[in-house]
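Now for the letters of each chain:
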Amino acid sequence: MGDNGSVQRELSAEEMLEIILNYAAKISGENDLDTLLILMAEMGRELVRADRCTLWLVDHEKNRLWTKVAQGIDRVDMPADSGLAGHSIQTGETVLVKDAYKDDRFNQAIDKKTNYRTRSVLCIPIRSFDQEIIGVYQAIHKGLDWFSEKDAKKLSLASTYTGKSIQAAILHSELVETQREIIFKIGEVSESRSRETGQHVKRVAKYSRALAKLSGLLEPEAQMLELASPMHDIGKVAIPDRILKKPGKLTAEEYAAMQTHTTEGYNIFKSSTRRIFKAAAVIAYEHHEKWDGTGYPRGLKGEEIHLYARITAIADVFDALGSDRVYKKAWPLNQIIQFIDEGRGRHFDPNLVNLFLENLDVFTAIQKQYKDSF
């Protein structure tokens, strides 16, 4: 029966096909795993007319099940053998229960957290290309009705398609994470030679992404800047140790040699056709340019300086001033704010300075999260 007490009409074959085709179009081009989980859960919910549908994935290393239930909400996780979903994972069996509270396998913890009363439950294992169980579809509550064998067949059909798409997204996600790790390692190599820490690289990346979003860049471009900005000082690999690690003030000749790290960094990446490395080339080349034209290496002025470099410049200076080093102590926050504010329209893009200072709590939170440990 439906919520109004009437028996729910079964979906026709045409209605099922329409739902599947509608979601297939959205799913086919989606590589973000969190977004994919939400889309597929919605598809399953519509196919079986459930109140809720969740797609759980197995984290074999941690022996946990996890899911993303909505955009902007953190992941939810639980033990891999917990509840009806866990039973389906462990046994590879379909679970079809009319009243969850009458089944000893049901875990009431999530209901208590969400103030929700689960009734009927349907769980279908999701398998990979090689038939390994990688997750489970869990549909909950069909109004005053309960799930049937027909519903199980519908959700099983969805799980067959889901498994292939999810495995492809997991592989993509692993590839992206591998690229991210390699990029951070590249950044750390250049920074470690000048006595910076790996956390400096990560902080600059996170600051750059946050400021990019505040400046109006869309999420994909902000993510790209996060990956490209750690390589801003890669050209330091070409600077001799006697200059790079000199404890005292550099001579004019040594300072000129130090400035070449911008062109050296640009030369490393300039021939790449990859968007991330093309962005890294621009950032390496221009992150020491200044809004008033007094920077180096080319004396660019104002918006002649690429936005990526203008963003990274603020992120880099904020972190450099706010971090302890073996050769200096971190500046107090109020002194850093004063320095960046005074650099508005001279060193830094005035609009970016406004956005940075108006949202300072965002950047201090990142600073605390990725704090150095000596």
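Everything below is about the structure shown above.
Presented here is an overview of the structure given in this document. (Residues numbered from 1 in each chain as written. Predicted model: local features only at pLDDT ≥ 70, side-chain atom pairs only at ≥ 80, totals over all residues. Heavy atoms only, no water.)

1. Details of the sheet that holds strand β2 (residues 64-67)
Here six strands make up an open sheet; going across it, the order is β3-β2-β1-β6-β5-β4 and the pairing antiparallel. Of all the strands in the sheet, the pair left with one neighbour each is β3 (76-79) and β4 (95-97). On average, each strand axis in the sheet is inclined to that of its neighbour by 20°, with strand direction left out of account. Here strand β1 (residues 52-59) runs beside β2; their pairing, made up of three bridges, is antiparallel. Within β2, the residue paired with Val-58 across the bridge is Leu-65. In the packing of helix α2 (residues 33-48) onto the sheet, contacts are made with β1, β2 and β6 (133-140), and the angle to β1 comes to roughly 140°. Seen against the sheet, helix α3 (residues 83-91) touches β1, β2, β3, β4, β5 (121-127) and β6 and runs at an angle of roughly 145° to β6. (Pairing = 2+ DSSP bridges. Helix = DSSP H or I, 4+ residues; strand = E, 2+ residues; numbered from the N terminus. Axes fitted to C-alpha atoms, helices over the stretch in contact; angles between N-to-C directions. Contact = heavy atoms within 4.5 Å.)

2. Quick look at the environment of Ala-320
Tracing the chain through its elements places Ala-320 in helix α12 (residues 307-322). Residues Ala-320 and Ala-330, spaced 10 residues apart in sequence, show a C-alpha to C-alpha distance of 8.1 Å.

3. Describing the pairing of β1
Among the eight residues that make up β1, six are buried, leaving the element largely enclosed by the rest of the structure. Of the strand pairs in this sheet, β1 and β6 are connected by six bridges, and their pairing is antiparallel. Residue Leu-55 lies in a different strand from β6, and its bridge partner there is Tyr-137. Turn length for the β1-β2 hairpin, with the two strands adjacent in sequence and antiparallel, is four residues, and the turn residue Asn-63 shows positive phi of about 55°. (Buried < 20%, exposed > 50% of the residue type's maximum accessible area, 1.4 Å probe, protein only.)

4. Thoughts on the packing of helix α7 (residues 219-228) against helix α11 (residues 275-286)
Contact pair α7 / α11: the axes reach a minimum separation of 9 Å and the direction vectors enclose 65°. Note that α7 runs across α11; the crossing there is right-handed. For the pair α7 and α11, the contacting residues are Met-224, Leu-225, Leu-227 and Ala-228 in the first and Arg-275, Ile-276, Ala-279, Ala-280 and Ile-283 in the second. Grouping the constituent residues of the contact of α7 with α11 by class yields eight nonpolar, no polar and one charged. (Left-handed = near helix turned anticlockwise from the far one by under 90°. Nonpolar A, V, L, I, M, F, W, Y, C, P; charged D, E, K, R; others polar.)

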